[in-house]
Amino acid sequence: MADTKKEKSKEGEDTLVEKELNPKTTHYEFLGPLGAFAMTTFLPLLVMFFSVCCDASGYPSQLLLNDHKTFFAQLTSPEYLDRLYDPAAYGVYAAFVALLALFSIILPGDVWPGTTLRTGERLKYKTNGFTSMHTTLFLGLYFIKDSGLKPLLFIYDHWLGLTVASIICSYAVALFVYIKSFQKGALLALGGNTGNALYDFMIGRELNPRIGDFDIKFFTELRPGMIGWLIINLGFAAKQYLDLQYVTKSMILVQLLQAMYIVDSLWNEDVILSTMDITTDGFGFMLAFGLYTWVPFTYTLQARYLVDFPTDISYYSAVGIFALNMLGYTIFRRANSQKDCFRNNPNGPLVKHLKSMDTKSGSKLLISGWWGMSRHINYFGDWLMSLSWCLPCGFGSFIPCFYCFYFAILLIHRERRDDHKCRTKYGEDWDKYCSIVKYRIIPGVY
């Protein structure tokens, strides 16, 4: 009898501790359950629109614009529906993700500590994304060394099947981590425990879902999306070369600028350990879809467009676009590097001259250097790069330029989310900080 009482008492204590660690989320983001429904249905449909409704006749298709009834009749035909079921594309996509997961486990890499969790624990992360990237590329080169570029045409020829495979993967991963989040001892994200199944599924319930030491969110953050983006771009460049027997300056510029961004992200993989995606947000459909589908299948729109419409630009235009990209990159990388140096060691030689503001929480906020110009100067640099990727496509269609408009909205929303988080954390200190660093993203403008 006494043992039973002790067991019940221990269970009650465990339940109390779990409630303290995983408090109920009392506010919604992204318009709550309605927004969650929209994101889990309309975003995949948008990606499918880009895949299905853009072709060599136009972006969007001329048949869609001139005779939409015939166009949609074709989409519902048995022949077209058979294209949605593409076992070869499904297999290639699954093998690609599995290979990257294997590389993340077996390849060497530096081990970094993550942020301190509410439990007091600091998870360890192995950063070998750059190694995974070049290992994947060299492995691919080995397999095509005798056949030439023709195997890369698989990407263009099976584009619809690959898109569908990525969407299925996004839903499957999101569902898996959602179910896993109900395991005892799971640390939940503070914003993902509302009790509304659809919303929590979308926003992400568990903070750091892991299988052993394999961190699903950290793996997803850069590997499938960034490396997939690079490989798809190369496939489109190969397609243009085989079609024209040369590669246009526009395609070369898109390949170069986007590859620089991808390589830089993977080389500086440890930087993401201090981002909201890792430290704050749960891992759910929003991140899974964004990184398995959205990044590789919408960020490649420029290269795909240039296959179907191989427009070219002058050398002067190419130099100007390259200069714009380098301006954005300089702002983006130097600002992020300055922030990370300051976080790791405020008295370090590179940042000790910077002015900062003490807060009641014990943290310091930079008020000079890059971060004295605006509260998210890095977002401005990031957006300038996105603009430079779209310009080589010209202005024959809005769709290749979709990315820079979407990205502007994303960055503004992300800045607002971060502002809300910081206002909650710092209180009056944040108001004081905002009075010193007045601009949100663009110095002197916004």
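Look up: the structure comes first, before these words.
Keep in mind it's a predicted model, so treat the numbers as computed, not measured.

It is the contact of helix 12 (residues 249-267) with helix 16 (residues 315-344), at a shortest axis distance of 11 Å, that shows an interaxial angle of 10°. Our classification of the angle between helix 12 and helix 16 gives roughly parallel. In this structure, helix 12 contributes K249, L253, L256, L257, M260, Y261 and D264 to the contact, and helix 16 contributes Y315, A318, I321, F322, N325, M326, Y329, F332 and R333. Across the contact of helix 12 with helix 16, the residue classes break down as 12 nonpolar, one polar and three charged.

Right, let's get into the pairing of strand 2 (residues 122-127). The two faces of strand 2 differ: L123, Y125 and T127 on one face are buried, but R122, K124 and K126 on the other face are not. Taken together, the five bridges between strand 1 (residues 110-116) and strand 2 define a ladder with antiparallel strand orientation. Residue D110 lies in a different strand from strand 2, and its bridge partner there is T127. Between the antiparallel neighbours strand 1 and strand 2 lie five residues, among them G120 with a positive phi of about 90°.

Within the secondary structure, L31 is located in the loop between helix 1 (2-21) and helix 2 (32-52). Linking L31 and Y199, residues 168 residues apart in sequence, is a C-alpha distance of 9.7 Å.

Given a rise of 1.5 Å per residue, 22 residues ought to cover 32 Å, and the 32 Å separating the end C-alpha atoms of helix 9 (residues 159-180) matches this to within 8%. Burial within helix 9 is extensive, with 16 of its 22 residues counted as buried.

Further remarks concern the packing of helix 6 (residues 87-106) against helix 9. It is at 8 Å that the axes of helix 6 and helix 9 come closest, and there the two elements cross at 50°. What the angle tells us is that helix 6 and helix 9 run oblique. Crossing hand, helix 6 versus helix 9: right-handed. The residues of helix 9 that touch helix 6, namely those facing A89, Y90 and Y93, are G161, L162, V164, A165, S166, I168 and C169. For the contact of helix 6 with helix 9, the residue count by class is eight nonpolar, two polar and no charged.

Burial of nonpolar side chains together is a common tendency in soluble globular proteins. Membership of the largest hydrophobic core comes to 93 residues, with the highest contact counts inside it found for V52, Y93, W229, F236, Y292 and Y299. In contact with Y299, not counting residues within four places along its chain, are W229, Q258, W294, Y403, Y406 and F407. The next biggest cluster of nonpolar side chains, apart from the first, holds nine residues, and it includes A335, F342, V351 and W371.

Take the state of the cysteines next. One pass over the structure, following the stated rule, counts zero disulfides. Counting only cysteine sulfurs, C390 is the nearest neighbor of C401, a cysteine outside any disulfide, at a range of 5.3 Å.

As a further point, take unusual backbone geometry. With omega at 5°, the peptide bond leading from Y59 into P60 counts as cis. Structurally, the position occupied by P60 is in the loop between helix 2 and helix 3 (62-66). With a phi angle near 65°, L31 is a residue other than glycine that sits in the positive phi range. Judged by its relative accessible area of 74%, L31 falls in the exposed class.

Glancing now at the pattern of salt bridges. Following the criterion strictly, the structure yields 16 salt bridges and no others. Across the salt bridge formed by E269 and R223, the nearest N and O atoms sit 2.9 Å from each other. Pair noted here: E269 is in the loop between helix 12 and helix 13 (276-279) and R223 is in helix 11 (residues 216-244), with a separation of 46 residues, a long-range link. Comparing E269 with R223, the two get one shared label, buried. For R440, the salt bridge is made with E415, and the minimal N-O distance between the two is 3.1 Å. Residue R440 is found in the segment after helix 20 (428-436), and its partner E415 is found in helix 19 (residues 402-426); the two are separated by 25 residues along the sequence. Taking relative accessible area as the criterion, R440 reaches 19% and is therefore assigned buried. On the basis of relative accessible area, E415 is assigned to the buried category, the value being 1%. Taken together, the shared-partner salt bridges connect E29, D281 and R417 into one network.

What counts as what
- Residues numbered from 1 in each chain as written.
- Predicted model: local features only at pLDDT ≥ 70, side-chain atom pairs only at ≥ 80, totals over all residues.
- Heavy atoms only, no water.
- Axes fitted to C-alpha atoms, helices over the stretch in contact; angles between N-to-C directions.
- Helix = DSSP H or I, 4+ residues; strand = E, 2+ residues; numbered from the N terminus.
- Parallel < 35°, antiparallel > 145°, perpendicular 65-115°, else oblique.
- Contact = heavy atoms within 4.5 Å.
- Nonpolar A, V, L, I, M, F, W, Y, C, P; charged D, E, K, R; others polar.
- Buried < 20%, exposed > 50% of the residue type's maximum accessible area, 1.4 Å probe, protein only.
- Pairing = 2+ DSSP bridges.
- Expected span 1.5 Å × (residues − 1).
- Left-handed = near helix turned anticlockwise from the far one by under 90°.
- Core = buried A, V, L, I, M, F, W, Y, C linked by side-chain atoms within 4.5 Å.
- Disulfide = S-S within 2.5 Å.
- Salt bridge = Lys/Arg side-chain N within 4 Å of Asp/Glu carboxyl O.

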